[in-house]
Amino acid sequence: MTWWCAATNEPWSWAWRAYPGVWLVVLLLAVTGVRMLRRNFEREAGSGSSQAGRIASFAAGMLFTWAALDWPIGTLGGGYLLAAHTVQYVLLTFIAAPLLLIGLRRASGDGAGLPGVHALGSLALYSAIVAATHVPALTDALMRTQWGAAVVDLAWLLGGIVLWWPALHPDPARRLAPPLRMGYLFASTLLPTLPAALLMFSDYPYYGVYELAPRAFGLSAHQDQQLAGLIMKVIGDPIVWLSTAFIFFRWQADSEREAEES
């Protein structure tokens, strides 16, 4: 039984494929998140609108997680197109992870009992995950097995949580101040520039698993690789830039409000 999306060397078709392992992981994440939400709501006296917003954020995060892992994106990324594999990376790291964190943090901002993570340590760990999962030899070895493909996918989700944690920490005292938060997020876009540039401007395919995969949508292996590098920067970076802009304008609004009140 195929329980996770991985390379199969079968010709691509739009025929639906079942991945029970993906469903199980998504279900476990959803159940764990719902329990955390319920526990947070019981401990706080937040407004109904605040709770509804966090429920919506968590639900959206779970939806993007499922979309990234399951058919058809997961299937294409697992063994056909490096571009689809990169879409999985963007969905899990830059969209699903921050939405899940926003949904699960407490409205009261009480982070007691939650581990504080140093921003430099978070950035280093995230960078290590990105670097390791883009090494051709390691990617080729992992994506040929269902267990290996699952490790890559879940590592990207974990890397996203690690990346966004200092910026979205539930305790304001442990959360980076707005100027540092903006600098931190900008710094997070620097490392992926290297693999993205290598993919876009390479003269030959780097990943054997995608070079030798059955072709899909008429893309050659080289075109697929160039598209993957473009997606990494053109879609991934703007998400971070928009988040940085949101932080700036919110910081500016808070400063103006404080000035009016003083």
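Analysis parameters
Residues numbered from 1 in each chain as written. Predicted model: local features only at pLDDT ≥ 70, side-chain atom pairs only at ≥ 80, totals over all residues. Heavy atoms only, no water. Helix = DSSP H or I, 4+ residues; strand = E, 2+ residues; numbered from the N terminus. Rg over C-alpha atoms; globule rule 2.2 N^0.38 Å. Buried < 20%, exposed > 50% of the residue type's maximum accessible area, 1.4 Å probe, protein only. Contact = heavy atoms within 4.5 Å. pLDDT = per-residue confidence, 0-100. Core = buried A, V, L, I, M, F, W, Y, C linked by side-chain atoms within 4.5 Å. Salt bridge = Lys/Arg side-chain N within 4 Å of Asp/Glu carboxyl O.

Peer 1: Looking at this structure, I do not really get the overall build of the chain. What am I missing?
Peer 2: Helix and strand counts for the chain stand at 12 helices and zero strands. Ordered by position in the sequence, the α and β elements of the chain form the string α-α-α-α-α-α-α-α-α-α-α-α. On C-alpha atoms alone, the chain measures out to a radius of gyration of 20 Å, which is about the 18 Å that the 2.2 N^0.38 rule sets for 262 residues. Seen along its three principal axes, the alpha-carbon backbone of the chain occupies a region of about 65 × 40 × 30 Å. The proportion of buried residues among the 262 residues of the chain is 47%. Across the chain, every contact between residues at least 6 apart in sequence was considered, and the portion connecting residues at least 24 apart equals 76%.

Peer 1: What am I meant to see in the confidence of the model for the chain here?
Peer 2: Detail in the predicted coordinates should be disregarded across regions flagged by low pLDDT. Residues at a pLDDT of 70 or more form 92% of the chain, whose mean pLDDT is 89. pLDDT under 50 marks residues 110-116. Its contacts with residues more than four places away, or in other chains, come to 11 contacts.

Peer 1: What's the story with unusual backbone geometry in this structure? I'm lost.
Peer 2: Trans peptide bonds make up most of the peptide bonds, and negative phi angles are found at most residues other than glycine. Residue W71 is joined to P72 through a cis peptide bond whose omega torsion reads 5 degrees. Here the phi dihedral of N9 falls at roughly 65 degrees; this positive angle occurs in a residue that is not glycine. Counting through the fold element by element, N9 comes out in the segment before α1 (20-43). By relative accessible area, which is 60% here, N9 ends up exposed. Of note, F217 is a non-glycine position whose phi angle comes to about 60 degrees, a positive value. By the element assignment, F217 lies in the loop between α10 (208-211) and α11 (221-234). F217 gets classed as partly exposed once you look at its relative accessible area, which sits at 48%.

Peer 1: In this structure, what is going on with the nonpolar core? I would like to understand it.
Peer 2: Nonpolar side chains tend toward joint burial in soluble globular proteins. Within the largest apolar cluster, 57 residues are counted, with the highest numbers of intra-cluster contacts made by W4, Y89, F94, L163, W164 and Y184. In terms of residue count, helix α4 (residues 82-104) provides more of this core than any other element does, 12 residues in total. Once you skip the residues sitting within four places of it in the chain, W164 turns out to touch T93, F94, A97, P98, L101, L185, V240 and S243. Counting six residues, the second largest nonpolar core, distinct from the first, contains W12, Y80, L81 and A216.

Peer 1: What is the right way to read the pattern of salt bridges from this model?
Peer 2: Two side chains with opposite charge may pair up if their charged atoms get near one another. Tallied over the full model, the rule gives two salt bridges. The partner of D237 in a salt bridge is K233, with the nearest N and O atoms 2.4 Å apart. Taking relative accessible area as the criterion, D237 reaches 7% and is therefore assigned buried. The partner of D254 in a salt bridge is R257, with the nearest N and O atoms 2.5 Å apart. Of this pair, D254 and R257 both sit in helix α12 (residues 236-261), three residues apart, which is roughly one turn of the helix. D254 sits in the partly exposed class, given a relative accessible area of 26%.

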